[in-house]
Amino acid sequence: MYTLVSGLVRELLKRDEYNVLILGLDNAGKTTLLEHTKIKFTSGYTGKPFHKITATIGLNIGNISTLGVNLLFWDLGGQDELQSLWDKYYAECHGVVWVVDSLDEARVDDSRVAFEKMIRNEHMRGVPLLFLCNKQDMVGCLNVNQIREAFSDSASKMGSRDCSVRGVSALHGQGIKDAIVWLAQCVIKNNETRPPINKDD
Ligand SMILES: Nc1nc2c(ncn2[C@@H]2O[C@H](COP(=O)(O)OP(=O)(O)O)[C@@H](O)[C@H]2O)c(=O)[nH]1
Ligand SMILES: [Mg+2]
């Protein structure tokens, strides 16, 4: 009887899980975004002090639940030498977050080049894209329209996929919750093309 009940409970609690990559140049705010996402979606989780977040060597992984599914975030290091490792994760991802540092005008074009390389990879075809113009809390940053303009050449290389471009502050949390919920809706919608990982499989 116990086995039967615990099996039933396990079945009911089983959630579909989706992999989401967080990509962008180093210092764009990827790890801060992951930390704030965990704070927004995990009751009781207060996170670690943001000033203690240091450059990511390798990767950070974080898990949240929303809309009845789990999202497993992979925050991959963005330094030049680490970008070459990103494509190992493409075939198994369900969604991607691209983070741009809106304050770093000098490197916006580097971000565009890395973005285009990622988005054109055959394993990323059709994967929903959340494009975040981060650090919108800072005076003097590029606004969303200016970043759109800087990435205008990329539009024709995107293929067919769900895409949303938003201004956020990963540090203060503005815009994060709605953006992540949007992405969750898209990966769920796309689940015939890219089926979820079942946790117990
Ligand atoms: N003002 C501001 N600073 C941010 C924001 N997001 C990240 N940062 C800062 O940018 C720096 C790099 O952030 P980090 O998350 O380590 O970037 P990563 O290399 O992409 O993981 C840190 O000093 C963060 O505090 C933001 O939305 N606003
Ligand atoms: Mg980092």
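Note that residues are indexed from 1 along each chain, following the sequence as it is written. In the order they appear in the text, chains get letters beginning with A and ligands get numbers beginning with 1. Given that the model is predicted, a residue must reach a pLDDT of at least 70 before its local features are reported, and side-chain atom pairs must reach 80 or more before they are shown or counted; all residues, however, enter totals for whole chains, interfaces and linings. Where side-chain values are given, they derive from all heavy atoms of the structure, hydrogens and water being excluded.

1. A few points about the side chain of serine 169
- Mapped onto the elements of the fold, serine 169 is located in the loop between strand 6 (163–167) and helix 6 (176–189).
- Of note is the side chain of serine 169, whose polar atom sits 3.0 Å from the backbone nitrogen of histidine 172.
- Contact between two residues is taken to exist if any of their heavy atoms lie within 4.5 Å; hydrogens are not considered. With residues near it in sequence (within four places) discarded, serine 169 still touches Asn134, Lys135, Asp137, Gln174 and Ile176. Numbering goes from the N terminus for both helices and strands, where a helix is a DSSP run of H or I of at least four residues and a strand is a run of E of at least two. A 3.5 Å cut-off defines polar contacts: any pair of N or O atoms within that distance qualifies, except that in protein one atom must be a possible hydrogen donor and the other a possible acceptor, and neighbouring residues in sequence count only when both atoms are side-chain atoms.

2. Observations concerning the pattern of salt bridges
- The salt bridge definition used is simple: a Lys or Arg side-chain nitrogen within 4 Å of an Asp or Glu carboxyl oxygen. Evaluated as defined, the whole model comprises nine salt bridges.
- Here aspartate 109 and arginine 112 are joined by a salt bridge, their closest N and O atoms 2.8 Å apart. Within this pair, aspartate 109 and its partner arginine 112 are both found in helix 4 (residues 108–120), separated by three residues, close to a single helical turn.

3. Brief notes about the environment of glutamine 146
- Note on placement: glutamine 146 falls in helix 5 (residues 144–150).
- A sequence separation of 65 residues divides glutamine 146 from glutamate 81, and the C-alpha atoms of the two residues are 28 Å apart.
- Among the polar contacts listed, one links the side chain of glutamine 146 to the backbone nitrogen of asparagine 143, at a separation of 2.8 Å.

4. What about a nonpolar patch on the surface?
- Patches here: salt-bridge-free residues with over 30% relative accessible area, like charges joined within 9 Å, nonpolar side chains (Val, Leu, Ile, Met, Phe, Trp, Tyr) joined within 5 Å. Here the accessible surface of atoms and residues is derived via Shrake-Rupley with a 1.4 Å probe, and residues count as covered only by protein chains that are part of the display. A surface patch of nonpolar side chains, about 390 Å² in accessible area, is lined by Leu4, Val5, Val9 and Leu13.
- Residue placement: leucine 13 occurs in helix 1 (residues 2–13).
- Among the residues examined, leucine 13 registers a relative accessible area of 61% and is labelled exposed. Residue burial is assigned from relative accessible area. The probe radius is 1.4 Å, only protein chains are included, and a residue is buried under 20% of its type maximum, exposed over 50%, and partly exposed in between.

5. Regarding the pairing of strand 2 (residues 59–66)
- Pairing between strands requires that DSSP locate at least two bridges from one strand to the other. Inspection of the sheet shows strand 2 paired to strand 3 (residues 69–76) by eight bridges, in the antiparallel sense. The residue bridging threonine 66 from the neighbouring strand is valine 69, located in strand 3.
- Between the antiparallel neighbours strand 2 and strand 3 lie two residues, among them leucine 67 with a positive phi of about 50°.

6. Regarding the site of ligand 1
- A molecule or strand has a residue near it when one of that residue's heavy atoms lies within 4 Å. Surveying the vicinity of ligand 1 reveals 16 residues, the closest of which are Asn27, Lys30, Thr31, Thr32 and Asp137.
- For ligand 1, an oxygen atom lies 3.0 Å from a polar atom in the side chain of lysine 135.
- Measuring from a nitrogen atom of ligand 1, one finds a side-chain N or O atom of aspartate 137 at 2.7 Å.
- In isolation ligand 1 has 580 Å² of accessible area, and contact with the protein removes 82% of it.
- Think of a 1 Å grid over the protein atoms and nothing else: a 1.4 Å probe that fits but is trapped marks a cavity, an open set flanked by protein within 12 Å on at least five of seven lines marks a pocket, and residues with an atom within 4 Å of a point count as lining. To qualify as sitting in a cavity or pocket, a molecule needs more than half of its atoms within 2 Å of the grid points. The cavity that encloses ligand 1 is the largest pocket.

7. So, helix 2 (residues 30–41)
- Take the number of residues in a helix, subtract one, and multiply by 1.5 Å to get its expected span. Here helix 2 is twelve residues long and its end C-alpha atoms lie 17 Å apart, about the 16 Å a rise of 1.5 Å per residue gives.
- Within helix 2, ten of the twelve residues are buried, which leaves the element mostly enclosed by the surrounding structure.
- Lys30, Thr31, Thr32, Leu33, Leu34, Glu35, His36, Thr37, Lys38 and Phe41 are the residues of helix 2 that are buried.

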